[in-house]
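Residue-level structural notes
The primary structure of each chain is shown beneath.
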Amino acid sequence: MPDYVHPDVLVSTEWVAGHLSDPNVRIVESDEDRALYTQGHIPGAVEIDWAVDLQCPVERDYIDRAAFEKLCAERGISNDTTVVLYGDKNNWWACYAFWVFKLYGHKDCRIMNGGRKRWELDGRPWSNERVSYPRGSYTAREQDGSIRALRDEVLKHCKAGKQLLDVRSPEEYCGERMHMPDYPNEGAVRGGHVPGALNVPWPLNCNDDGTFKSAKELEKLYVKDLKMKRRSPTIAYCRIGERSSLTWFVLTYLLGFGNVKNYDGSWLEWGNCVRVPIAKGAEPGGAKAAPAAAHA
Amino acid sequence: MTPDGRPSVNSVQHRLDAIVGEFADLDGREKLELLVDFAKGLQPLSREYEARKAAEDRRVHECQTPVFLWTEAEDGRAKLTAEVAPEAPTVKGFVAILAEAVNGRPIGDVAALSDEFLDRMGLIDILGMMRARGLRAIVARVKRGFAQCEAAGS
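Conventions and cut-offs
- Residues numbered from 1 in each chain as written.
- Chains lettered and ligands numbered in written order.
- Predicted model: local features only at pLDDT ≥ 70, side-chain atom pairs only at ≥ 80, totals over all residues.
- Helix = DSSP H or I, 4+ residues; strand = E, 2+ residues; numbered from the N terminus.
- Rg over C-alpha atoms; globule rule 2.2 N^0.38 Å.
- Buried ≥ 20, exposed ≤ 12 C-beta atoms within 10 Å, placed from the backbone.
- Contact = placed C-beta atoms within 7 Å.
- Domains from an automatic or database assignment.
- Axes fitted to C-alpha atoms, helices over the stretch in contact; angles between N-to-C directions.
- Parallel < 35°, antiparallel > 145°, perpendicular 65-115°, else oblique.
- Nonpolar A, V, L, I, M, F, W, Y, C, P; charged D, E, K, R; others polar.
- Pairing = 2+ DSSP bridges.
- pLDDT = per-residue confidence, 0-100.
- Expected span 1.5 Å × (residues − 1).
- Arc of directions from axis to C-beta.
- Left-handed = near helix turned anticlockwise from the far one by under 90°.

**What to know about the overall build of chain B**
Scanning chain B from terminus to terminus reveals eight helices and two strands. When the elements of chain B are put in sequence order from the N terminus, they spell out α-α-α-β-β-α-α-α-α-α. Since a compact globule built from 154 residues should have a radius of gyration of about 15 Å, the 15 Å found for chain B is in line with a globular shape. Put simply, chain B has 154 residues, and 36% of those count as buried. Restricting the contact set of chain B to residue pairs at least 6 apart, pairs at least 24 apart contribute 67%.

**Comments concerning the domain arrangement of chain A**
Residues and elements named next belong to chain A. The domains assigned to chain A are domain 1 (7-143) and domain 2 (146-293). Using C-alpha coordinates to define each centre, domain 1 is positioned 25 Å away from domain 2. Opposite the 20 residues of domain 1 that make contact, domain 2 presents 15 residues. When residues of the side of domain 1 that touches domain 2 are traced back to their parent elements, those giving at least two are helix H4 (92-103) and helix H5 (115-121).

**Thoughts on the packing of helix H2 (residues 28-41) of chain B against helix H4 (residues 89-102) of chain B**
All names here are of chain B. Between H2 and H4, the least distance of the axes is 7 Å, while the angle of their chain directions is 70°. Of the possible angle classes, the one that applies to H2 and H4 is roughly perpendicular. Counted together, Leu 35, Val 36, Phe 38, Ala 39 and Gly 41 of H2 and Pro 89, Thr 90, Lys 92, Gly 93, Ala 96 and Ile 97 of H4 form the full contact between these two elements. Classifying every residue of the contact of H2 with H4 by side-chain character gives seven nonpolar, three polar and one charged.

**A few points about the pairing of strand S2 (residues 77-84) of chain B**
All names here are of chain B. The element S2 is extensively covered by neighbouring structure, given that six of its eight residues are classed as buried. Where strand S1 (residues 67-74) and S2 come together, eight bridges link them in antiparallel fashion. Its bridge partner being in S2, Thr 71 is matched across the sheet by Leu 80.

**As for the confidence of the model for chain B**
Residues and elements named next belong to chain B. Per-chain confidence: chain B averages 88 in pLDDT, with 92% of residues scoring 70 or above. Here helix H8 (residues 129-151) stands out as the element of chain B with the lowest mean pLDDT, 88, in contrast to H2, whose mean of 96 is the highest. The ipTM value of the predicted complex is 0.88, and its pTM value is 0.91.

**A few points about the sheet that holds strand S5 (residues 109-112) of chain A**
Residues and elements named next belong to chain A. Across the sheet, five strands lie side by side as S1-S5-S4-S2-S3; this open sheet has parallel pairing. Each of the sheet's edge strands pairs with one partner strand only, and the pair in question is strand S1 (10-11) and strand S3 (46-47). Of the strand pairs in this sheet, strand S2 (residues 25-29) and strand S4 (residues 82-86) are connected by five bridges, and their pairing is parallel. Considered in S4, the bridge of Ile 27 is made with Val 84. Strand contacts of H4: S2, S4 and S5, with the helix running at about 175° to S5, the strand carrying the most contacts.

**Side note on helix H1 (residues 12-24) of chain B**
All names here are of chain B. The first and last C-alpha atoms of H1 sit 18 Å apart over 13 residues, in line with the 18 Å expected at 1.5 Å per residue. Taken together, the buried positions of H1 are occupied by Val 12, Gln 13, Arg 15, Leu 16 and Val 20. Viewed end-on, H1 has its buried residues packed into an arc of 160°, placing them on one side of the element.

**Focus: H4 of chain B**
Residue and element names in this part refer to chain B. Its 14 residues place the ends of H4 20 Å apart at the C-alpha level, agreeing with the 20 Å of an ideal helix rising 1.5 Å per residue. Along H4, 13 of the 14 residues are buried, which leaves the element largely enclosed by surrounding structure. Gly 104 occupies a position one or two residues after H4 and carries a positive phi of about 85°.

**Here we look at the packing of H1 of chain B against H4 of chain B**
Residue and element names in this part refer to chain B. Orientation of H1 relative to H4, taken along the N-to-C sense of each, is 140°, at an axis distance of 8 Å. Taken together, the axes of H1 and H4 lie oblique to each other. The two elements H1 and H4 meet at a crossing, and its hand is right-handed. Two secondary-structure elements touch here, H1 through Val 12, Arg 15, Leu 16 and Ile 19 and H4 through Ile 97, Glu 100, Ala 101 and Val 102. For the contact of H1 with H4, the residue count by class is six nonpolar, no polar and two charged.

**With respect to the confidence of the model for chain A**
Of all residues in chain A, 92% attain a pLDDT of 70 or more, and the chain-wide mean is 92. Predicted confidence is poor over residues 287-296 of chain A, with pLDDT under 50, and the contacts of this stretch with residues over four places away or in other chains come to 26 contacts.

Structure, rendered in structure tokens:
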């Protein structure tokens with residue numbers, strides 16, 4: 001792997017192919033379209049679905065600690081299991097699941113670089129066999145607040161002019177549209193962005209084959225061109241926190257930013273909040289136009 | 001409808017009820033497998049529609065993956081033709097179900113199509129609310145398309 005700061009969190013399709021029967025490794029697929037897993041998955045992989053498995057069915061929140069422990073145990077995952085996540089759409093949902101695993105303190109999580117697309121391009125086999133493993137033994141930690149930002153914290157962060165990153169499309173950022181191009185509007189009543197947020201659309205992190213861009217390219221994008229500071233507290237958001245968990249992964253593990261949080265409430269919450277500031281247009285706006293300079 | 005209020009055999013509703021019946025008693029994994037089977041059954045576009053795809057704006061913009069739909073009438077009967085990207089088997093399977101329910105039926109019948117069958121199939125439990133919303137948008141789009149067809153008197 002190129003010189004990422006924490007290269008150990010990425011594995012290649014070749015590595016995964018060599019660990020399909022490794023009892024210490026659990027391969028986990030997480031997709032936008034979950035029928036993809038049903039249609040064909042990496043042999044031996046289990047599925048964790050972002051909507052059905054990871055979301056609390058009642059409150060707008062993730063499943064609680066006990067439910068996460070149960071989910072892992074049922075998938076044959078124990079505390080010391082190496083969990084390798086992959087999926088469709090440049091590993092976007094895989095990164096989301098990775099973030100939730102980190103939220104509950106799982107030690108060894110990795111992403112299969114390139115996800116389903118790279119596995120397919122490499123001509124590796126798919127399986128539609130049902131998969132089950134003996135129950136794992138799992139004790140989760142309390143949620144790790146150091147990687148998750150809630151609304152009030154984002155408001156303070158914004159008012160202090162700290163580093164904020166909006167990873168949605170430029171049209172969503174400007175406020176021209178309130179959902180992704182080609183996606184249904186999922187209910188934000190206002191368009192625009194959190195004042196001070198820089199716009200780096202999430203696909204800029206990835207190559208056409210679904211793998212992450214090189215450390216050099218990512219460094220140029222975030223550090224050289226946008227002048228973002230590795231040590232400044234950073235919050236990333238998108239529409240519901242899925243695309244921004246991919247950016248959170250890139251900043252934290254590939255570029256070694258020290259303090260990045262994902263705001264999972266994201267625009268679906270912010271765009272509906274009463275009396276929170278919103279900036280329209282292509283400029284970050286707000287009191288400080290260059291948030292990176294604030295707490296350098 | 002028959003005089004006693006039941007959907008007539010081969011009405012859109014009757015066909016949907018039959019499909020709902022196939023799904024209803026399956027567990028989550030089996031439901032997804034059946035959906036994938038439907039997806040596999042969606043016929044690829046004929047050469048004629050391939051050519052029209054390039055010439056006409058048939059992309060469903062509300063939809064997350066490339067979906068192209070034609071809602072047309074042939075002798076007053078509904079003809080739903082579709083192409084869905086292979087990376088979206090859920091949408092593809094769902095569109096195949098709609099095609100099976102409406103094709104060959106009087107276009108006026110399609111107006112009676114309701115998206116409540118999604119709940120009865122138990123798809124919401126296995127897909128979640130956000131994905132279900134996308135599927136409801138497709139039902140609305142298909143109904144709108146055939147309503148326009150009917151209004152145009154074709």
